[in-house]
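One letter stands for each residue in the lines below.
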Amino acid sequence: MCVDLKLSALTEEQFKCLIFVAGLKSPKDADIRMRLITQLNESSDITLAKIIEDCRNLSNLKNDNVMVEKQSPVSVHAVKEKTYKNNKPKRKQMGEKPVTDHLRSPCWSCGGMHYSKDCQFRDHLCRECGNPKRPVAFSVKGSVEQEINRLHNLGVLQPVDFSDWAVPIVAVRKPNDSVRICADFSTGLNSVLEANQYPLPLPDDIFARMSGCRVFRHIDLSDAYLQVVVDENSQPLLIINTHLGLYRFTRLSPGIKSAPGASQPITDAMTSGLQFTSGYIDDAIVAGRSEEEHNRNLHLFLGRLQEYGFTVRIVKCRFFMSQIKHLGHILDGDGIRPDPEKASAIATMPPPHDISTLRSYLGAVNYYGKYIPEMRKLRFPMDTLLKTGVKWEWSDACQKSFDRFNQLLQSTLALTHYNPALEIVVSADASSIGIGARIAHRFPDGTI
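A quick note: this is a predicted structure, and the numbers were derived from the prediction, not measured.

Caption draft 1: Summary view of the sheet that holds strand β5 (residues 239-242). Taken in spatial order, the 5 strands make up an open sheet running β1-β6-β5-β2-β3, and their pairing is mixed. The outermost strands of the open sheet, each flanked by one partner alone, are β1 (157-160) and β3 (179-183). Taking the axes of each pair of neighbouring strands and ignoring which way they run, one obtains an average angle of 45° across the sheet. Sitting on the sheet, helix α5 (residues 138-154) is in contact with β1, β2 (167-173), β3, β5 and β6 (245-249), with an inclination near 75° to β3.

Caption draft 2: Quick look at a nonpolar patch on the surface. Together, I314, V315, F319 and F320 give the surface a local cluster of nonpolar side chains, amounting to about 410 Å² of exposed area. Considering the arrangement of structural elements, one finds F320 in strand β9 (residues 318-321).

Caption draft 3: Structural context of the nonpolar core. One finds F185, I219, I240 and F249 to be the most contacted residues of the largest nonpolar core, which totals 38 residues. Contributions of two or more residues to this core are made by α5, β2, β3, β6, α8 (259-271), β8 (283-288) and α9 (291-308). One finds C213, Y368, F402 and L408 within the second-largest nonpolar core, a separate group that totals 31 residues.

Caption draft 4: A look at the packing of helix α12 (residues 375-385) against helix α13 (residues 396-409). Taken N-terminus to C-terminus, the directions of α12 and α13 make an angle of 140°; their axes are 9 Å apart at the nearest point. Accordingly, the angle class assigned to the pair α12 and α13 is oblique. The handedness of the crossing between α12 and α13 is left-handed. The segment α12 lies against α13, with M375, L378, R379, P381, M382 and L385 engaging A397, C398, S401, F402, R404, F405 and L408. Split by residue class, the contact of α12 with α13 holds 10 nonpolar, 1 polar and 2 charged.

Caption draft 5: How the structure looks around the pattern of salt bridges. Summed over the entire model, instances satisfying the criterion amount to 15 salt bridges. Linking D220 and R313 is a salt bridge whose minimum nitrogen-to-oxygen distance equals 2.9 Å. One end of the pair, D220, is in strand β4 (residues 215-220); the other, R313, is in the loop between α9 and β9, and 93 residues separate them in sequence. In this pair, the class of D220 matches that of R313, namely buried. What emerges from the salt-bridge pattern is a single network uniting E147, R150, D220, D223 and R313.

Caption draft 6: Spatial organisation of the side chain of E147. Along the chain, E147 falls in helix α5. Judged by relative accessible area, E147 falls into the buried class, the value being 11%.

Caption draft 7: Examining α13 more closely. The terminal C-alpha atoms of α13 lie 20 Å apart, and with 14 residues this matches the ideal 20 Å at 1.5 Å per residue to within 8%. Where α13 is concerned, the buried positions are C398, S401, F402, F405, N406, L408 and L409. Along the axis of α13, the buried positions cluster into a sector of 165°, meaning they face one direction only. Of the exposed residues in α13, those oriented more than 90 degrees away from the buried face are D396 and K400.

Caption draft 8: Here's a closer look at the sheet that holds strand β10 (residues 323-326). Spatially, the 4 strands line up as an open sheet ordered β10-β11-β12-β13, and their pairing is antiparallel. One side of each edge strand has no neighbouring strand; the edge strands of this open sheet are β10 and β13 (415-416).

Caption draft 9: How the structure looks around helix α2 (residues 12-22). Turning to α2, its buried residues number three or more, namely Q14, C17, L18 and V21. For α2, the arc enclosing every buried residue in end-on projection is 100°, short of the 170-degree limit, so these residues lie on one face. The exposed residues of α2 that point more than 90 degrees off its buried face are E12 and I19.

Caption draft 10: Structural view of the environment of L10. Relative to the assigned elements, L10 resides in the loop between α1 (2-5) and α2. The sequence separation of L10 and S44 amounts to 34 residues, and the corresponding C-alpha distance is 9.1 Å.

Caption draft 11: How the structure looks around the packing of aromatic side chains. In total, this model carries 6 aromatic pairs according to the counting rule given. With 6.1 Å between their ring centres and 25° between their planes, W392 and W394 make a pair best called stacked. Taking relative accessible area as the criterion, W392 reaches 28% and is therefore assigned partly exposed. Seen from their ring centres, W394 and F402 are 6.2 Å apart, and the 75° between their planes marks the pair as edge-to-face. For F402, a relative accessible area of 4% corresponds to the buried category. One aromatic cluster in this structure is built from Y361, W392, W394, F402 and F405. One cation-aromatic arrangement involves R217 over F320; the distance from NZ or CZ to the ring centre is 4.6 Å.

Parameters and conventions
Residues numbered from 1 in each chain as written. Predicted model: local features only at pLDDT ≥ 70, side-chain atom pairs only at ≥ 80, totals over all residues. Heavy atoms only, no water. Pairing = 2+ DSSP bridges. Helix = DSSP H or I, 4+ residues; strand = E, 2+ residues; numbered from the N terminus. Axes fitted to C-alpha atoms, helices over the stretch in contact; angles between N-to-C directions. Contact = heavy atoms within 4.5 Å. Patch = residues over 30% accessible without salt bridge, like charges linked within 9 Å, V, L, I, M, F, W, Y side chains within 5 Å. Areas by Shrake-Rupley, 256 points an atom, 1.4 Å probe, with all protein chains shown as cover. Salt bridge = Lys/Arg side-chain N within 4 Å of Asp/Glu carboxyl O. Core = buried A, V, L, I, M, F, W, Y, C linked by side-chain atoms within 4.5 Å. Buried < 20%, exposed > 50% of the residue type's maximum accessible area, 1.4 Å probe, protein only. Parallel < 35°, antiparallel > 145°, perpendicular 65-115°, else oblique. Left-handed = near helix turned anticlockwise from the far one by under 90°. Nonpolar A, V, L, I, M, F, W, Y, C, P; charged D, E, K, R; others polar. Expected span 1.5 Å × (residues − 1). Arc of directions from axis to C-beta. Phe/Tyr/Trp six-rings, centres within 6.5 Å; stacked < 30°, edge-to-face > 60°. Lys NZ or Arg CZ within 6 Å of the ring centre and 35° of its normal.

Structure (structure tokens):
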């Protein structure tokens, strides 16, 4: 090679071109390399810039030829498929992968890049979406039909002929012998929905807002969820399967996991900026330190309801009360205390017999834990049973704590309203079984 090219007779520019060509070492560039070497031998005035340009042109020409060669069989195959309809497609050999290079859209069954006929989910039938209707007891069948027809006339329910999926209904009996239609979305939809993280107001925040009030009024929003319109694109997800056929909810349906978080912002907006007024999902409290202030606050709140287009259920509203039941508590001008009916239901529960019933009992007691001064001390024997590796044994100490809890829940328990104008006393203590703290007021007469 060196003798044929006579390296000693090469110019500087020719030597640069030779080095560039020798750098094309890939087997794919063998034909380009031979053409450039031939060009070096035939031309004495070759330059590096020209050899680079010729190399780029040859490379582009080679790529174009490859693309044309690949497209040719595909176009002929397409013509054959459309023209000769009687020809059966060639069967795929065992282990051979289908050709998918020319696919323009994914499989409609699973979204993969292959033909639908080759999809492994082609014959798959979803057995989780088609929930059959549940039988309705004959004693409530007339009430259920009446409620479905009522919601249909209001435009809340719309009949549909076909749906990809549906959920059964649950008929909940109300105190006035009517029923509430709830969809059991726990059968599928709730498991794939993201929970609405909008915070619900805490009972303590609501009670603190009512501090100093003497006159109360309870406002019940009529089917609050059903007054919230659902986006039309989401309505096909809210199909219920009843003994009267398929229906679609056009409003927010009870039973959806995200319903409380979707409804509470509307309630907060209606009570925003109003004094001594608070809302919790479908219940609202309007209060005042006097009847005049109460009436003024009520007039402002009713104006908000009219502005938002919400209606109330007048039979469940309570007017001009000195105390009011709300969220398991009784609220009045002096403070808050447990609802005797709720506390009595806990006090009459049987002793726990396993871990599950113990957790349920402690959860119920803990709801009124702020009223019980000996809470941590009484819970200690029961909490010991919840530890990992501890054998279940309902001891005398557990029974003694259980009886003491029931005694306290049936006694007079009350807490005063928080008043920022009064002195605050903080007490804290700790022991080998727990820690505790208390926040109290010191009244003008010196009592705590």
